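# An overview of the molecular structure
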Amino acid sequence: MATTRHWPAMLAISQRETIKFWHQRGRLLSALVRPALWLMVFAAGFQNIFGVSIIPPYDTYIEYQVYVVPGLLGMVLLFNGMQSSLAMVYDREMGLMRLLLIAPQPRWFLLLSKLVAGTVLSVLQAYAFLALCAVFKVDIPWSGWLYALPALVLGGLMLGALGLLLSVSVRQLENFAGTMNFVIFPMFFLSTALYPLWKLQESGAVIVYTLTRFNPFTHAVEMIRFALYGQFNLLSSLVVLGALILFFLLAVWGYDPQHGLVKKARQA
């Protein structure tokens, strides 16, 4: 277990990530532009094409813009989690993490510190997008801003842990771009971020429907969706929590110099 002498390491990593983010102000802008374009262009264009029926957590018919907000919040968490992992690849080879990974602190605690620091930034960016939704007068309950916090944190941790796991087997930044394309886009489009599950089932896309049901990103989006309306989705929360534990344990094992994939990659 981590002792009091280990906590300064988490604080130092968190401060480093925050300072780096502050100096990279274009990062926040890029994080907001992507979901904002989906909200203003995609949602507006399909406003009269997609009809969203009365399904939980909604108790009345809603605009399509309202429906996609949880999915776009998930997009913010997903892209920032992957971007933090991209930085992990660089830091592991020639940056700070290369030194931290040989520090006397437990390996799992250093990875947890990196994960927590990235998640804090993800949640801050998610709330910045919620503020943008308020500017565009998207009908999201103000109380949902508070209720959504635990869901955003848990979802951010899960997606960040997935990014850590992916960074284990990537040695060059050029290879990571291909890995992201095979992870980010399938996870986002094979989810309920843009359309409800019943639409897929109604269309007869059985394979897509099945993949969407078992996609952990789907459950992250649904957890956030329910939380915005003060409701708790037990199934989605358990799936996200289970995925978080699995991804993080695999990442810790992968970064183990004695048994993990990092050792094998270096030997190769």
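Residues numbered from 1 in each chain as written. Predicted model: local features only at pLDDT ≥ 70, side-chain atom pairs only at ≥ 80, totals over all residues. Heavy atoms only, no water.

## Here's the deal with the packing of helix α5 (residues 107–135) against helix α6 (residues 142–168)
We apply this condition: The convention used is that axes are lines fitted to C-alpha atoms, helices contributing only their stretch in contact, and that angles between N-to-C directions extend from 0 to 180 degrees. Note on conventions: DSSP H or I runs of at least 4 residues are helices, E runs of at least 2 residues are strands, and numbering of each starts at the N terminus. To sort the angles, those under 35 degrees are grouped as roughly parallel, those over 145 as roughly antiparallel, those from 65 to 115 as roughly perpendicular, and the leftovers as oblique. Crossings are assigned a handedness: left-handed for a near helix turned anticlockwise from the far helix by less than a right angle, right-handed for a clockwise turn. Contact definition: two residues touch when any of their heavy atoms are within 4.5 Å. In this classification, Asp, Glu, Lys and Arg are treated as charged, Ala, Val, Leu, Ile, Met, Phe, Trp, Tyr, Cys and Pro as nonpolar, and every other residue, Gly included, as polar.
Here α5 crosses α6 at 140°, and the two axes come no closer than 8 Å. One way to sum up the angle between α5 and α6 is to call them oblique. Considering only the axes of α5 and α6, their crossing is right-handed. Contacts from Leu-111, Lys-114, Leu-115, Thr-119, Val-123, Ala-126, Tyr-127, Leu-130, Ala-131 and Ala-134 of α5 reach α6 at Trp-142, Trp-145, Ala-148, Leu-149, Leu-152, Val-153, Gly-156, Leu-157, Gly-160, Ala-161 and Leu-164. The residue makeup of the contact of α5 with α6, split by class, is 17 nonpolar, three polar and one charged.

## Focus: helix α11 (residues 216–227)
Applicable threshold: One less than the residue count of a helix, multiplied by 1.5 Å, gives the span that helix is expected to have. Three exposure classes are used, based on accessible area relative to the maximum for each residue type with a 1.4 Å probe and protein chains only: buried under 20%, partly exposed in between, and exposed over 50%. In protein, a polar contact means a hydrogen-donor-capable atom and an acceptor-capable atom, both N or O and within 3.5 Å, with residues adjacent in sequence counting only if both atoms are side-chain atoms; elsewhere, any N or O pair within 3.5 Å suffices.
Spanning 12 residues, α11 covers 17 Å between terminal C-alpha atoms, matching the ideal 16 Å at 1.5 Å per step. Taking burial as the measure, the 12 residues of α11 include 12 buried ones, the bulk of the element. When α11 is considered as a whole, its buried residues turn out to be Pro-216, Phe-217, Thr-218, His-219, Ala-220, Val-221, Glu-222, Met-223, Ile-224, Arg-225, Phe-226 and Ala-227. The residue sitting at the N-terminus of α11 and contributing the capping side-chain oxygen is Asn-215; that oxygen lies 3.0 Å from the backbone nitrogen of Phe-217.

## Describing unusual backbone geometry
Here the phi dihedral of Lys-137 falls at roughly 60°; this positive angle occurs in a residue that is not glycine. Looking at the secondary structure, you find Lys-137 in the loop between α5 and α6.

## Re the confidence of the model for the protein
Our working rule: Confidence scores here are pLDDT values: one per residue, from the predictor, ranging 0 to 100.
Overall, the predicted model of the protein reaches an average pLDDT of 80, with 71% of residues at or above 70. The spread of mean pLDDT over the elements of the protein runs between helix α13 (residues 261–267), the lowest at 49, and α11, the highest at 96. This stretch, residues 264–268, has a pLDDT under 50; its non-local contacts, to residues over four places away or in other chains, come to three contacts.

## What about the pattern of salt bridges?
For clarity, the cut-off: Basic side-chain nitrogens of Lys or Arg form a salt bridge, by our definition, when they fall within 4 Å of a carboxyl oxygen of Asp or Glu.
Enumeration according to the criterion identifies one salt bridge in this entry. The closest approach of N and O atoms between Glu-222 and Arg-225, which form a salt bridge, is 3.1 Å. With Glu-222 and Arg-225 both in helix α11 and three residues apart, the pair spans about one turn of that helix.

## Details of the packing of aromatic side chains
How we decide: Ring geometry is summarised as follows: Phe, Tyr and Trp rings, the Trp one being its six-membered ring, pair when their centres sit within 6.5 Å, and such pairs are stacked at plane angles under 30 degrees, edge-to-face over 60 and tilted between the two. Two conditions define a charge located above a ring, namely a distance within 6 Å from the ring centre to NZ of Lys or CZ of Arg, and an angle within 35 degrees of the ring normal.
Under the definition given, this model contains 10 aromatic pairs. The interplanar angle of 90° and the centroid separation of 5.6 Å between the aromatic rings of Trp-108 and Phe-109 together place this pair among those described as edge-to-face. Between the aromatic rings of Phe-185 and Phe-189, the centroid separation amounts to 6.4 Å while the plane-to-plane angle is 20°, which identifies the pairing as stacked. One end of the pair, Phe-185, and the other, Phe-189, are both in helix α8 (residues 184–189), four residues apart, so they sit about a helical turn from each other. What links up through ring pairs into an aromatic cluster is the set Trp-38, Phe-185, Phe-188, Phe-189 and Phe-217. Across from the ring centre of Phe-79, 3.9 Å away, lies the NZ or CZ of Arg-34, which sits over that ring. Taking the ring centre of Tyr-67 as reference, the NZ or CZ of Arg-225 above it sits at 4.0 Å.

## Quick word on the nonpolar core
Definition in use: Buried Ala, Val, Leu, Ile, Met, Phe, Trp, Tyr and Cys residues form a nonpolar core when they are joined through side-chain atoms within 4.5 Å.
Ranked by internal contacts, the top residues of the largest apolar core, which has 62 residues, are Leu-73 and Leu-152. For this core, the elements supplying multiple residues, two or more each, are α2 (25–45), α3 (64–94), α5, α6, α8, α11 and α12 (234–254). At 14 residues, α3 tops the list of elements feeding residues into this core. In this view, Leu-152 contacts Leu-73, Leu-77, Val-123, Ala-126, Tyr-127 and Ile-224; residues no more than four positions away in its chain are not counted.

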